[in-house]
Amino acid sequence: MVNEVLAIEQYGDWFIMLVAGVLLAVWAYRAFYRWLHSPISVNRIKLGKGGAISSNDENVSLLERSGYTVSSGKHVIPIPIELNDVPLGNGTRMYIDYIAEKDDCTYVVKTARERMPIDWTASGVRDKLLVYSLLLPESSGVLFVDAKEGIIRKITFQLGD
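A look at the overall build of the protein chain
Thinking step 1. Secondary structure summary: the protein chain contains 4 helices and 9 strands in total.
Thinking step 2. Along its sequence from the N terminus, the protein chain presents helices and strands in the succession α-α-α-β-β-β-β-β-β-β-α-β-β.
Thinking step 3. Counting all 161 residues of the protein chain, 24% fall into the buried class.
Thinking step 4. Within the protein chain, counting contacts between residues at least 6 apart in sequence, those at least 24 apart form 55% of the total.
Thinking step 5. Summing over all exposed atoms, the protein chain offers an accessible surface of approximately 12100 Å²; the carbon and sulfur share of this is 57%.

Quick notes on the sheet that holds strand 1 (residues 69–72)
Thinking step 1. Across the sheet, which stays open at both edges, the 5 strands sit in the order 1-6-7-8-9 with mixed pairing between neighbours. The sheet is open, and its two edges are formed by strand 1 and strand 9 (151–155), each paired on a single side. Averaged over all pairs of adjacent strands, the angle between their axes in this sheet comes to 35°, without regard to strand direction.
Thinking step 2. Pairing analysis gives 3 bridges linking strand 1 to strand 6 (residues 98–102), with the strands arranged antiparallel.

Overview of the side chain of Lys110
Thinking step 1. Looking at where Lys110 falls in the secondary structure, it is placed in strand 7 (residues 105–111).
Thinking step 2. For Lys110, the side chain forms a polar contact with the main-chain oxygen of Tyr95, separated by 2.8 Å.
Thinking step 3. Residues within four places of Lys110 in sequence aside, it is in contact with Tyr95, Asp97, Leu129, Tyr132, Val142, Leu143, Phe144 and Val145.

Observations concerning unusual backbone geometry
Thinking step 1. The phi torsion at Asn84 lies on the positive side, around 55°, for a residue other than glycine.
Thinking step 2. Tracing the backbone shows Asn84 in the loop between strand 3 (82–83) and strand 4 (86–87).
Thinking step 3. Here the phi dihedral of Asp85 falls at roughly 65°; this positive angle occurs in a residue that is not glycine.
Thinking step 4. Note that Asp85 resides in the loop between strand 3 and strand 4.

Basis of the calculations
Residues numbered from 1 in each chain as written. Predicted model: local features only at pLDDT ≥ 70, side-chain atom pairs only at ≥ 80, totals over all residues. Heavy atoms only, no water. Helix = DSSP H or I, 4+ residues; strand = E, 2+ residues; numbered from the N terminus. Buried < 20%, exposed > 50% of the residue type's maximum accessible area, 1.4 Å probe, protein only. Contact = heavy atoms within 4.5 Å. Areas by Shrake-Rupley, 256 points an atom, 1.4 Å probe, with all protein chains shown as cover. Pairing = 2+ DSSP bridges. Axes fitted to C-alpha atoms, helices over the stretch in contact; angles between N-to-C directions. Polar contact = N/O pair within 3.5 Å; in protein donor to acceptor, adjacent residues only side chain to side chain.

Below is the structure:
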């Protein structure tokens, strides 16, 4: 009788260890699978606090009059570039003018510049603004603000299917 109890306890311990091992292996597999299939840009680009927002900025005023909340100012994103495994100068930078929010959606904001006009064709918009949507895929789109003309254009890109 005592031997039977010891045998059951021994097999019970092994059974519990086996179940714990299987659960640990399943958890590790799922964590690895999620990491493997998550987009790399989501893990790489994290915006900081951003620059200060000027209270008399006409672009901010236009956004706020249209119901947007400007949550941060200018962001500078450094982009190192290599050519044939050699750094190409100091690389380059991308600038995001503002981050704005409306109706639980976050938007990247670019402002109009006289020296850098946008060709409002599909290819012109793609060439100038698609990179911001790809850079921050969690955003709902890009807002192009022209305070001189009083226009806010919301651009969204439908990638894939």
